[in-house]
Structures are given as structure tokens and as C-alpha cells.
2 protein chains.
Amino acid sequence: MRYRDSGVDLERSDALKAALARAVEGTWGAEVRALRGGFAGVMRWPGAAGGEAGARLVAATLDGVGSKLMLAQAAGRLDAAAGDLVRHGANDLLVHGARPLAFLDYIAQARLEREVVLAVVEGLAAACREVGAALLGGETAEMPDTYRPGVVDVAGCMIGTVAERELLDGGAVRAGDAVLGLGSDGLHTNGYTLARRVLERSGLAPEAALPGGAGESVLEALLGRHRWYGPALAPELGGSAVRALAHVTGGGIAGNLVRVLPEGAHAVIEAAAWPRPAVFRWLIGAGAIPEADARATFNLGIGMVVVCAAGEADALAARLRARGERAFRIGAVVAGARGVEWSGGPRDE
Amino acid sequence: MRYRDSGVDLERSDALKAALARAVEGTWGAEVRALRGGFAGVMRWPGAAGGEAGARLVAATLDGVGSKLMLAQAAGRLDAAAGDLVRHGANDLLVHGARPLAFLDYIAQARLEREVVLAVVEGLAAACREVGAALLGGETAEMPDTYRPGVVDVAGCMIGTVAERELLDGGAVRAGDAVLGLGSDGLHTNGYTLARRVLERSGLAPEAALPGGAGESVLEALLGRHRWYGPALAPELGGSAVRALAHVTGGGIAGNLVRVLPEGAHAVIEAAAWPRPAVFRWLIGAGAIPEADARATFNLGIGMVVVCAAGEADALAARLRARGERAFRIGAVVAGARGVEWSGGPRDE
């Protein structure tokens, strides 16, 4: 099964994105920082002095939960999936060195169902407290002609702030740097359209034990929460060890790491450098998903990539482990064409 | 036809909103300004001194276009309807004295259609230039199991800034104040679920001339653009004339004006104080919509309400007219129970 078959055509989306850039960038004045493949938009806050290193910038990002919501709704776990949206947005700010301030949500259904909206908002609110954002506003929309009956869509905007001197944009990455990967807790919020198709076609009941797993059900494995890396990484912001961060979302490890690489930087990822979690092994096997497609779709066990000076990699990894992360040295940056290359095959957990 | 019959149950939505407030406000620290029925969320920007009058606040609001999109899509006018979302958000900030900085969008379809997404983004970008916001980010989502085929949903978050001393929150409204209304350009972005039902049941072709209109088609009348009141009102921000602003969106004139009234302030709206535009007369007649429902659903020709000191009302109205607005003195604030009351019947245009 190829990703395109499951309802999301990545290549078509990429072509579209390029065509849209012109319209979008036509709205940007000098106050907008055009980040290299940014995970968030960043612009100067009015009144902050121009080139001043202590100036504050505003960072913002908007995302949807995607089709993880459908799986979560069927499992009565909408609150958890809604919280994933908040943690996703907070991570998107974190990779630019920004900390969350406020979140605003959009919840839409064909017919608003009280228990659905309440579960979503309670999940958003709990996650906002977790990442330190105020749930500052939101919109609840009832659109019977737009949405399929019974489903819900949730999107949200995370707004944060970063000091100019702590802004991370990939510009500091150099050949010779090391690449660390921090463990994910399942699929996070990407690849669910494909995963749901695999589950349907596998014939497995969602409550069945995950093949190769440690006793958790397939559903539990698929609904693993989107991990928030702030507690581990915030103490490193403004320090010298971290050169760049990449949040592994749609596009997988390579598709996101490349976003923070400057020209002339080529990253090599060693696929055997970390154990591939059982949920991905099962998805790939049951769905007969080609390895290249799996790499372009799933995080495969790495939710955040950290580029750092090679000499600091071991100490940084040790600090991150002490803060509760699973940290792996998964590759290196070499001189070469800007891009990311995989090396070798995966190692089973 | 009652509004509830057309697919949106306002009463149910209101009950839900109250039930959600607890969860939301549990995420608010001291930095959040709890505004009286705010049109936007407002909070202190980090680093801004606490009680300092010159401190800057961040204001943000998130909305969807709603079902105006379906009508606009059928008419090949998606770009205009998308722009309405931007102007809507900018007006929501304006009523708190804030000016737009950045907009982020969410565009979702069952299958992304290149021409749909491009039209939407181009409309958003043009409107962002109009209101002075950078289109700072966005998300394009393809969700075949969530959206009905062929339709699109668009939501977006507007982020802005206001100086503490220019913040408008209704606290300055006093008995004796005058109420001005600024003309709308049609339905703006509210009441379209009902309007589309009326159009369907009327048997009129969208291209037919609007009954009672000046030659425009029903479709043109229904797709009037959401007016942006910034050019007229921005020069008044920080001045003494404007006590409060209310953006007339879902809930109509009364439902929005009440949001900026303090306890003890009772507003009376004279329905005959401005001409009721033909599009509303036609909708009410063709749909056999009770007057009370029409008042709770449509803006009925007033897109922005301005509360001002009575002695300044005429001069303020003259300035607003000089800036291109149709300004009417539509009522007054008296001492009484917090609320808004309509007086008399409408006057035809």
C-alpha cells in the first residue's frame, strides 16, 4: 500500500505549497523573518528595537489534528487527541527557540455534539496547562453541509515568543555536527490516514494485542500521545550545544530535518541507530508499505531531531536522558548538497 | 422558517459555551485580560511592565468563514469569501483597539483541489495586505473521511497588538451615551446557513435580480464582502469619542452590542433609525422569518456599532462619513438592566 493510495497525495501537496508561496510572501514586510522552512512564522513585535539582540519576536503556527481524531473519537479518547494538537504546536514553536503563550482553537462538526466539544476543549485546556499556554479563544462551528455526520475536525493556532538572540533557524548548522534523535511515543499526529487504512485491511480488532508489542492493544499503540519536548529542551535554549531542532511531523525524519539545513549541509541518518518501535513494524508489515514510503510518512520512533556540535553530543544526550528522554545519536552532518540521506536498514526494538 | 430549522441551533451553542468557560479559564494566569464578552482574547506580552499604561498587549481571535463559503464556491468567488475571514478577524481585533499584525489559516477539503486552495490563499493574501497583516503561516489538510466531497472549510487566526492605554473593553460605557451604527455590505459572514435555505426554497435562480434591489442579482447581494472598518475607526482609537465598539457577527446587533455593556447599562436600538437593505427584506419575506429571528441572526444593515458620548455623536458620525462610512445614530444607552432592547419596526431602504 502506498501513501498515495490512502487518501493523501504528498507530492501533489508539495507542488501546491510552492505555488502558494508567492501569494503568501507578498504580504510580508520587513518585520517578518523568512525562516528556512520554518515550523512556525516569526516576526518582530512592534516597539521592539530593530537589530537589538534582546528584542522579542512573536512566533505562531497553526495546525489540524488530522485523522487521528477519527480513531480517537471511536475509542472515546478525543480529549487526548485534542491535547496532541496543543503539544504539536508547542513543539513547532520550540524548534525556533520560542515558548508558548496562547492557543486558540477551531472545532467544527456537521451538528455540534455537546460531549464531543466538551471532550475536545477539556483536552485542549489540560494540554495548554502542560505547555504553559493560555487557551485564549476559539470558535465552535456547526456546518451540516460541509462535514460528514458524526465526525469532528479540530485545528488550532499556537502563539509564542522568542528573544532575538535565542532564535533557532538552522543557520548555525555546520558540516561535522552530530544528529541526535529523541524518542517518540507512537505516530504522534502524522500518518493516520494510512494507519487507519492498514488497520481496516488487517482484519485485526482495535482491541487485539499489537503484534510484536509488549501487551498493549493496537488501538493503544496507535493513539500514543504526541510527546512535548519542552521540559527536556527548554533548558538548552540560548545555550551553545543545540545548533538546530526539527520536529518530526508530516514528511518524516528526512522531510523535516532538511527544513533546518543550510546550503552545503548534507545529513546522513543511520536507520539502525535506534530501535524501530513495534507499532511501525506492524504497520509496515500489515500494510506492505515500502520502506521509502514509511520513512516519508511516519516518525518511525524519532519525534524530535537535535543537531549539535559533535563534541557536545554525548554530554547533551546525557542531559536529555536525565530529563526523561530517550536520546539516540542517529547521524551526522557532512559537507554536500543540502539534503538528508538514509543509510542502512532498521533495527527492530 | 426559524433559524433552528436551518441547521444551526443558537440556543444550544450558547449553553455549550457556558459549559466550556470553566475549562478555558482554568488555563488563564494573571497575564490574561478577562474581557467582558471579548471579541478577541487579550493578554500581556512578556517583558511588558505590569501596570504601565504604555505596555503592549497581544490580542488574538480565531474564526471560520462558515457556510458563506459554499455559496461563494458555487459562484467562483472563493477568493472574496476567504478575504472576508481576514476582514472579520481584523474587525474583531479593532473593537478592542488592536491593530492586525499576522494571520494564519487552515484550509481543509476531502481532496485538496489546487484551484480551490489557490483561490482561498490568494483571497486571504489580498485581504491581509488590505488590513496590514502578514500571512504568517497556515495548514492545508486533506481529510477524505471528515469532509463532504467538493466542499472546503477555511478558518484562521488573526493576531494583533494594542497599547494598554488604548484597550477598549466596554468599561467606559455610561448611561446617556449615544449608539451609532455603521452600514454593512450585506450579510458579511453570518446567517448563511439560513440564507442558503431561503434561496433554495424561494425557487429563485441565483442570477435572478434581487427583489426590491437596485438591479444586482440575488447571488451578488448575498455575497457582499465583509466590510473592514479599520480605515474609518483607527483614527479614533486612543481618542476620547469612542467608548466601545461591537462587531456585528453571529447573534445580530443586540447579541453583539450586549457583549460590551457594563452592568447597569441598557441599550435601546431604534429599528427605524436606518434603512433596512433589500437583501434582508427579501430574505425575511421569502423565508417567512419572524422579525425576532431575523434580528438575532442577521446584521440587518449595521456591521459595526459605536458607543460614544452623546455630545460627541454628531461630530463623530460626520468624521466617519467623511471617511466613507454610512453612519446612523441608531440608539442610546440608558440606566437599567444590562441588555439590549429593540424599539419599533424597520424602515425600508
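Since the structure is predicted, the reported quantities are computational estimates derived from the model, not experimental observations.

Draft legend 1. Up close: the overall build of chain A. Scanning chain A from N- to C-terminus turns up 11 helices and 14 strands. Taken over the C-alpha trace, chain A has a radius of gyration of 20 Å; the compact-globule value for 349 residues is 20 Å, and the two agree within 12%. Along the first, second and third principal axes, the C-alpha set of chain A runs to 55 × 45 × 40 Å. Evaluated residue by residue, chain A yields a buried proportion of 60% over its 349 residues. A separation of at least 24 residues holds for 83% of the contacts in chain A among residues at least 6 apart in sequence. Total accessible area computed for chain A in this model is approximately 11900 Å², and 50% of it derives from carbon and sulfur atoms.

Draft legend 2. Examining the interface of chain B and chain A more closely. Contacts between the two partners involve 73 residues from chain B and, on the opposite side, 73 residues from chain A. Taken together, both faces of the contact between chain B and chain A bury some 6100 Å²; the carbon and sulfur share is 66%. The residue Asp-145 of chain A makes a salt bridge to Arg-196 of chain B at a minimum N-O spacing of 3.0 Å. Joining chain B to chain A, the criterion identifies 19 residue pairs in polar contact (both at pLDDT 80 or more). Looking at the side of chain B that touches chain A, the elements that each hand over two or more residues are helix 1 (10-25), strand 2 (41-44), strand 3 (56-64), strand 4 (99-109), helix 4 (114-131), strand 5 (134-142), strand 6 (152-163) and helix 5 (192-202) of chain B. The residue makeup of the side of chain B that touches chain A, split by class, is 42 nonpolar, 14 polar and 17 charged.

Draft legend 3. Geometry of the relation of the copies chain B and chain A. Superposing chain B onto chain A requires a rotation of 180° together with a translation of 0.0 Å along the rotation axis, leaving an RMSD of 0.0 Å. Considering both components of the superposition, the chain copies are consistent with a two-fold axis. Measuring from the rotation axis to each C-alpha of chain B, the shortest distance belongs to Tyr-147 of chain B, at 2.4 Å. An overlap of 100% is found between the interface residues of chain B and their copies at the interface of chain A, pointing to a shared contact surface.

Draft legend 4. Just the side chain of Thr-193 of chain A, in detail. All names here are of chain A. One can find Thr-193 in helix 5 (residues 192-202). Thr-193 gets classed as buried once you look at its relative accessible area, which sits at 6%. Within the local environment of Thr-193, its side chain forms a polar contact with the side chain of Ser-67, the two groups lying 2.9 Å apart.

Draft legend 5. Just the packing of aromatic side chains, in detail. Within this structure, the stated rule accounts for 6 aromatic pairs over all chains. Residues Trp-274 of chain B and Trp-342 of chain B carry aromatic rings whose centres are separated by 6.0 Å and whose planes lie at 50° to one another, so their mutual orientation is tilted. Placement of Trp-274 of chain B in the loop between strand 9 (265-270) and strand 10 (275-276) and of Trp-342 of chain B in strand 13 (residues 339-343) is noted, with a sequence separation of 68 residues between them. Assessed through its relative accessible area of 2%, Trp-274 of chain B is described here as buried. Its relative accessible area of 17% is what places Trp-342 of chain B among the buried residues. Between the NZ or CZ atom of Arg-259 of chain A and the centre of the ring of Phe-39 of chain A, over which it lies, the distance is 3.8 Å.

Draft legend 6. Representation of helix 3 (residues 78-94) of chain B in the model. Its 17 residues place the ends of helix 3 of chain B 24 Å apart at the C-alpha level, agreeing with the 24 Å of an ideal helix rising 1.5 Å per residue. Counting buried residues along helix 3 of chain B, 15 of its 17 residues qualify, which places the element largely inside the surrounding structure.

Draft legend 7. Seen up close, the pattern of salt bridges. Residues and elements named next belong to chain A. Applying the stated criterion across every chain, the model contains 32 salt bridges over all chains. Between Arg-329 and Asp-314 there is a salt bridge; the shortest N-O distance is 3.4 Å. In this pair, Arg-329 sits in strand 12 (residues 327-335) while Asp-314 sits in helix 11 (residues 313-322), placing the two residues 15 residues apart along the sequence. By relative accessible area, which is 42% here, Arg-329 ends up partly exposed.

Draft legend 8. Examining the sheet that holds strand 5 (residues 134-142) of chain A more closely. Residue and element names in this part refer to chain A. As summarised here, the arrangement of the 6 strands in space is 1-2-3-6-4-5, forming an open sheet in which the pairing is mixed. Among the strands making up the open sheet, the edge pair consists of strand 1 (32-33) and strand 5. Of the strand pairs in this sheet, strand 3 (residues 56-64) and strand 6 (residues 152-163) are connected by 9 bridges, and their pairing is antiparallel. From the neighbouring strand, Leu-62 faces strand 6, where its bridge partner is Cys-157. Along the sheet, helix 3 (residues 78-94) contacts strand 3, strand 4 (99-109) and strand 6; its crossing angle with strand 6, the most-contacted strand, is approximately 30°. Here helix 4 (residues 114-131) sits on the sheet in contact with strand 4, strand 5 and strand 6, set at roughly 170° to strand 4.

Draft legend 9. Just the sheet that holds strand 9 of chain B, in detail. Residues and elements named next belong to chain B. The strand order across the open sheet formed by 6 strands is 8-11-7-12-9-13, and the pairing between neighbours is mixed. Each of the sheet's edge strands pairs with one partner strand only, and the pair in question is strand 8 (242-247) and strand 13. Ignoring which end each strand starts from, the neighbouring axes of this sheet average 25° apart. Helix 3 rests against strand 8 and strand 11 (302-308) of the sheet, and its axis sits at about 150° to strand 8. Strands in contact with helix 11 (residues 313-322) are strand 7 (178-183), strand 8, strand 11 and strand 12 (327-335); relative to strand 7, the strand with the most contacts, it is inclined by about 10°.

Draft legend 10. Molecular detail of the environment of Ala-208 of chain A. Residue and element names in this part refer to chain A. In this fold, Ala-208 is placed in the loop between helix 5 and helix 6 (218-222). The sequence separation of Ala-208 and Leu-219 amounts to 11 residues, and the corresponding C-alpha distance is 8.0 Å. Residues contacting Ala-208, with those up to four places away along its chain left out, are Glu-216, Ser-217 and Val-218.

Draft legend 11. Just the packing of helix 3 of chain B against helix 4 of chain B, in detail. Residues and elements named next belong to chain B. Viewed as axis vectors pointing N to C, helix 3 and helix 4 meet at an angle of 40°, and their least axial separation amounts to 7 Å. Taken together, helix 3 and helix 4 sit at an angle that is classed as oblique. Crossing of helix 3 over helix 4 shows right-handed handedness. Contact residues: Leu-78, Asp-79, Ala-82, Gly-83, Leu-85, Val-86, Arg-87 and Ala-90 in helix 3; Val-116, Ala-119, Val-120, Gly-123, Leu-124, Ala-127, Cys-128, Glu-130 and Val-131 in helix 4. Looking at the contact of helix 3 with helix 4 residue by residue, the class counts come to 12 nonpolar, 2 polar and 3 charged.

Draft legend 12. Representation of the packing of helix 5 of chain A against helix 9 (residues 278-286) of chain A within the structure. All names here are of chain A. Running from N to C, helix 5 and helix 9 point in directions that differ by 65°, and their axes come no closer than 9 Å. Where helix 5 crosses over helix 9, the handedness of that crossing is left-handed. Counted together, Ala-195, Val-198, Leu-199 and Ser-202 of helix 5 and Trp-282, Leu-283 and Ala-286 of helix 9 form the full contact between these two elements. When grouped by side-chain class, the residues that make up the contact of helix 5 with helix 9 number 6 nonpolar, 1 polar and no charged.

Conventions and cut-offs
- Residues numbered from 1 in each chain as written.
- Chains lettered and ligands numbered in written order.
- Predicted model: local features only at pLDDT ≥ 70, side-chain atom pairs only at ≥ 80, totals over all residues.
- Heavy atoms only, no water.
- Helix = DSSP H or I, 4+ residues; strand = E, 2+ residues; numbered from the N terminus.
- Rg over C-alpha atoms; globule rule 2.2 N^0.38 Å.
- Buried < 20%, exposed > 50% of the residue type's maximum accessible area, 1.4 Å probe, protein only.
- Contact = heavy atoms within 4.5 Å.
- Areas by Shrake-Rupley, 256 points an atom, 1.4 Å probe, with all protein chains shown as cover.
- Buried area = accessible area lost by both parts, 1.4 Å probe.
- Salt bridge = Lys/Arg side-chain N within 4 Å of Asp/Glu carboxyl O.
- Polar contact = N/O pair within 3.5 Å; in protein donor to acceptor, adjacent residues only side chain to side chain.
- Nonpolar A, V, L, I, M, F, W, Y, C, P; charged D, E, K, R; others polar.
- Least-squares fit on C-alpha atoms with pLDDT ≥ 70 in both.
- Phe/Tyr/Trp six-rings, centres within 6.5 Å; stacked < 30°, edge-to-face > 60°.
- Lys NZ or Arg CZ within 6 Å of the ring centre and 35° of its normal.
- Expected span 1.5 Å × (residues − 1).
- Pairing = 2+ DSSP bridges.
- Axes fitted to C-alpha atoms, helices over the stretch in contact; angles between N-to-C directions.
- Parallel < 35°, antiparallel > 145°, perpendicular 65-115°, else oblique.
- Left-handed = near helix turned anticlockwise from the far one by under 90°.

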